[in-house]
Amino acid sequence: MDKMIAQTYAAATTPRYTSYPTAAEFHDGVGAEDAERWLAAIAPDETLSLYIHIPFCQSLCWYCGCHTSVPNSYVRAEAYLARLMEEIDQVAGRIAHHDGVVHCHFGGGTPTYLSADDFRLLASHLRRRFSFRRDAEFAVEIDPRTLDDERAEALADAGVGRASLGIQDFDPEVQRLIKRVQSVDAVEATIKRLSKLGINRLSFDLIYGLPGQTVGTVSASARQAIAFDPDRIAVFGYAHVPWFKKHQRAIDESRLPDMADRLMLRQAIDAELVSAGYCRIGFDHYAKADDPLSCAAASGQLQRNFQGYSDDPADVLLGFGASAISSFADGYVQNASDVGAWRRALRDGHLPVARGVCLTAQDKLRAAAIQRLMCNFTVDLDVLCRDHDVTEDSLDDAMPRLAPLERDGLVTIAGRCIEATEMGRNFIRNIAFCLDARSKPGAERHSRSA
């Protein structure tokens, strides 16, 4: 593909498609009553996945796009935890039966901002209110700069088996420019601390597009990450949205790489990871060949949800905490992002839902098509439409939108079978966008495609 064409597709703003419709389409016309109805409709043979959001950090990194804050005292975390357990009680009390929790993910923010005792308390409360399968996976996001022995022991006591470490970049100058100074020694100490307690399944996050990065620095960071031998590595493009995340204004924009450089940074990291034997998973994840994520991709069972690519097989995702999103067969709901509004709803005995979206039959059809493209890089629209009991031309409106991408070498189209080319896999979001009937081109609320 011509470099200028590649840069054009990379610069386009498209959804990350962790859901369809995307969270940008959620609205306040869907709320707590809808959530209650969907909770009550969970069937006895449906499995659950839980996401717990802890919106606190010890310090705020300038690149961060997460919903988090830096409390002026731990009292805020204690108050949050008390309401969080009330929310767990309210949700659990609205579910008659289910077939067990298969996955539980603690995210943020920094979940290990909680004290060791409070993390144990939260995990125990979840186990009391929900039935967990024996092989359920507990995963937690960790800031390697702040994990101490006591908190690590609490993770092990809670049953955590996978830890995701926010690395971002190992280069000291890049770390200084994003206010995330984190030494190699600190990461190594965290890994040893976890390993000693039997927490050996590791995931790393790396970011490209940060200020001060060069092909040389990101290649070195990738090699350092590989040296720690994590099972999975996610490689995200930095989204610079200072109008949305005001703390990003502290980043020196003159040091940000341009689009051509961003593509080279991404390609450099990819080359290092593939050379080391990691399998490409979707457009931004990598995993060892024997990791469950790679196995899911090889067998066509790969999923994409709000945590990115996943082997989580659950039928229903329940989100707890401010800003958390829940996913049901008939729609999505998101809790209030403002902690005060979230807390007040719970105090008044209501589910703290602020917005969401109900899925139409057309939404479900397009969601399935986009999911297959994002996970498998191919979709046969004829087969998909038959599976959904609609006419085979139900998604033909995507064909004119796909035509330019076919001319530019991103996809091949045979009848109604769409397949991303090797180059097109890097721009699978652009391809999926052609099937999106809701999102608008050029929306600033979405990030660049690469």
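The structure presented is a predicted model; accordingly, all values stated were derived computationally and were not measured.

### Re the pattern of salt bridges
Inference 1: All told, the structure shown has 32 salt bridges when counted by the stated rule.
Inference 2: The partner of Asp89 in a salt bridge is Arg129, and the shortest N-O contact between them spans 2.9 Å. Linking Asp89 in helix α3 (residues 75-93) with Arg129 in helix α4 (residues 116-129), this pair joins segments that are 40 residues apart in sequence.
Inference 3: Of the charged contacts in the structure, one is a salt bridge between Asp148 and Arg151, with a shortest N-O distance of 3.0 Å.
Inference 4: Judged by relative accessible area, which is 17%, Arg151 ranks as buried.
Inference 5: One salt-bridge network, in which partners are shared between bridges, spans Glu137, Arg162, Arg201, Arg232, Asp291 and Asp311.

### Re the packing of α3 against α4
Inference 1: Packing of α3 against α4 leaves a shortest axis separation of 10 Å and a crossing angle of 10 degrees. By the angle between their directions, the pair α3 and α4 is classed as roughly parallel. Side by side, α3 and α4 meet where Glu78, Leu81, Leu84, Met85, Ile88, Asp89, Ala92 and Gly93 of the first sit next to Asp118, Leu121, Leu122, His125, Leu126 and Arg129 of the second.

### As for the nonpolar core
Side chains that are nonpolar tend, in soluble globular proteins, to be buried together.
Inference 1: Formed by 120 residues in total, the largest nonpolar core has its most connected members in Leu50, Ile52, Leu84, Leu122, Phe130, Leu318 and Ile431.
Inference 2: Sequence-distant contacts of Leu122, defined by excluding residues within four places in its chain, comprise Ile52, Ile54, Leu81, Leu84, Met85, Ile88, Phe106 and Leu114.

### Description of unusual backbone geometry
Inference 1: The omega torsion of the bond from Tyr20 to Pro21 falls at -5 degrees, within 30 degrees of zero and hence cis.
Inference 2: Structurally, Pro21 is set in the loop between β1 (13-14) and α2 (32-40).
Inference 3: Note that the residue after Gly108, namely Gly109, is joined by a cis bond; omega there is 20 degrees.
Inference 4: Inspection of the secondary structure puts Gly109 in the loop between β3 (101-108) and α4.
Inference 5: Positive phi values are uncommon outside glycine, yet Ser323 reaches one of about 75 degrees.
Inference 6: Looking at where Ser323 falls in the secondary structure, it is placed in the loop between β12 (316-320) and β13 (325-328).

### Comments concerning the packing of aromatic side chains
Inference 1: As enumerated under the stated definition, the model contains 15 aromatic pairs in all.
Inference 2: When the centroid spacing of 5.3 Å and the interplanar angle of 80 degrees are considered together, the rings of Phe56 and Tyr80 count as edge-to-face. Pair noted here: Phe56 is in the loop between β2 (48-54) and α3 and Tyr80 is in helix α3, with a separation of 24 residues, a long-range link. Of the two residues examined, Phe56 and Tyr80, each falls in the buried class.
Inference 3: A ring pair is formed by Phe130 and Phe320, whose centres lie 6.1 Å apart and whose planes are at 65 degrees; its orientation type is edge-to-face. Note that Phe130 is positioned in the loop between α4 and β4 (132-142) and Phe320 in strand β12, a separation of 190 residues in sequence.
Inference 4: What makes Phe130 buried here is its relative accessible area of 4%.
Inference 5: The residue whose ring lies beneath Arg127 is Phe132, and the NZ or CZ to ring-centre distance is 5.3 Å.
Inference 6: Taking the ring centre of Tyr309 as reference, the NZ or CZ of Arg304 above it sits at 4.5 Å.

### A word on the environment of Trp342
Inference 1: You can see Trp342 is positioned in helix α11 (residues 339-347).
Inference 2: According to the relative accessible area criterion, Trp342 is buried, its value standing at 0%.
Inference 3: For the pair Trp342 and Ser327, spaced 15 residues apart in sequence, the C-alpha separation works out to 18 Å.
Inference 4: When neighbours within four sequence positions are excluded, Trp342 is seen to be in contact with Tyr80, Arg83, Leu84, Glu87, Gly321, Ala322, Asn335, Ala336 and Pro352.
Inference 5: A distance of 3.1 Å separates the side chain of Trp342 from the side chain of Glu87, its partner in a polar contact.

### Some words on the environment of Glu173
Inference 1: In this fold, Glu173 is placed in helix α6 (residues 172-177).
Inference 2: You can call Glu173 partly exposed: its relative accessible area is 31%.
Inference 3: Considered as a pair, Glu173 and Cys375 are 202 residues apart in the sequence and their alpha carbons are 35 Å apart.
Inference 4: Within the structure, Glu173 has its side chain in polar contact with the side chain of Arg176 (distance 2.8 Å).

### With respect to the sheet that holds strand β17 (residues 411-414)
Inference 1: Pairing is antiparallel in the open sheet, where three strands are placed in the order β16-β18-β17. Each having just a single partner strand, β16 (378-380) and β17 make up the two edges of the open sheet. Strand after strand, the sheet turns through a mean of 10 degrees between neighbouring axes, direction not considered.
Inference 2: Looking at chain direction, β16 and strand β18 (residues 417-420) are connected through three bridges and run antiparallel. Its bridge partner lying in β18, Asp380 is registered against Cys417.
Inference 3: In this fold helix α12 (residues 361-376) packs onto β16 and β18, with an angle of close to 145 degrees to the strand it touches most, β16.
Inference 4: Running at roughly 130 degrees to β17, helix α14 (residues 398-407) makes contact with β17 and β18 of the sheet.

### A few points about helix α9 (residues 259-275)
Inference 1: Compared with an ideal rise of 1.5 Å per residue, which puts 17 residues at 24 Å, α9 spans 24 Å between its outermost C-alpha atoms and is within 8% of the ideal.
Inference 2: Residues of α9 that are buried include every one of Met259, Arg262, Leu263, Leu265, Arg266, Ala268, Ile269, Asp270, Glu272 and Leu273, and no others.
Inference 3: Near the N-terminus of α9, the side chain that reaches the backbone nitrogen of Ala260, with its oxygen 3.3 Å away, is that of Asp258.
Inference 4: Among the residues trailing α9, Gly277 stands out with phi positive, at a value near 100 degrees.

Criteria and cut-off values
Residues numbered from 1 in each chain as written. Predicted model: local features only at pLDDT ≥ 70, side-chain atom pairs only at ≥ 80, totals over all residues. Heavy atoms only, no water. Salt bridge = Lys/Arg side-chain N within 4 Å of Asp/Glu carboxyl O. Helix = DSSP H or I, 4+ residues; strand = E, 2+ residues; numbered from the N terminus. Buried < 20%, exposed > 50% of the residue type's maximum accessible area, 1.4 Å probe, protein only. Axes fitted to C-alpha atoms, helices over the stretch in contact; angles between N-to-C directions. Parallel < 35°, antiparallel > 145°, perpendicular 65-115°, else oblique. Contact = heavy atoms within 4.5 Å. Core = buried A, V, L, I, M, F, W, Y, C linked by side-chain atoms within 4.5 Å. Phe/Tyr/Trp six-rings, centres within 6.5 Å; stacked < 30°, edge-to-face > 60°. Lys NZ or Arg CZ within 6 Å of the ring centre and 35° of its normal. Polar contact = N/O pair within 3.5 Å; in protein donor to acceptor, adjacent residues only side chain to side chain. Pairing = 2+ DSSP bridges. Expected span 1.5 Å × (residues − 1).

The values reported here are purely geometric and, on their own, carry no functional implication.
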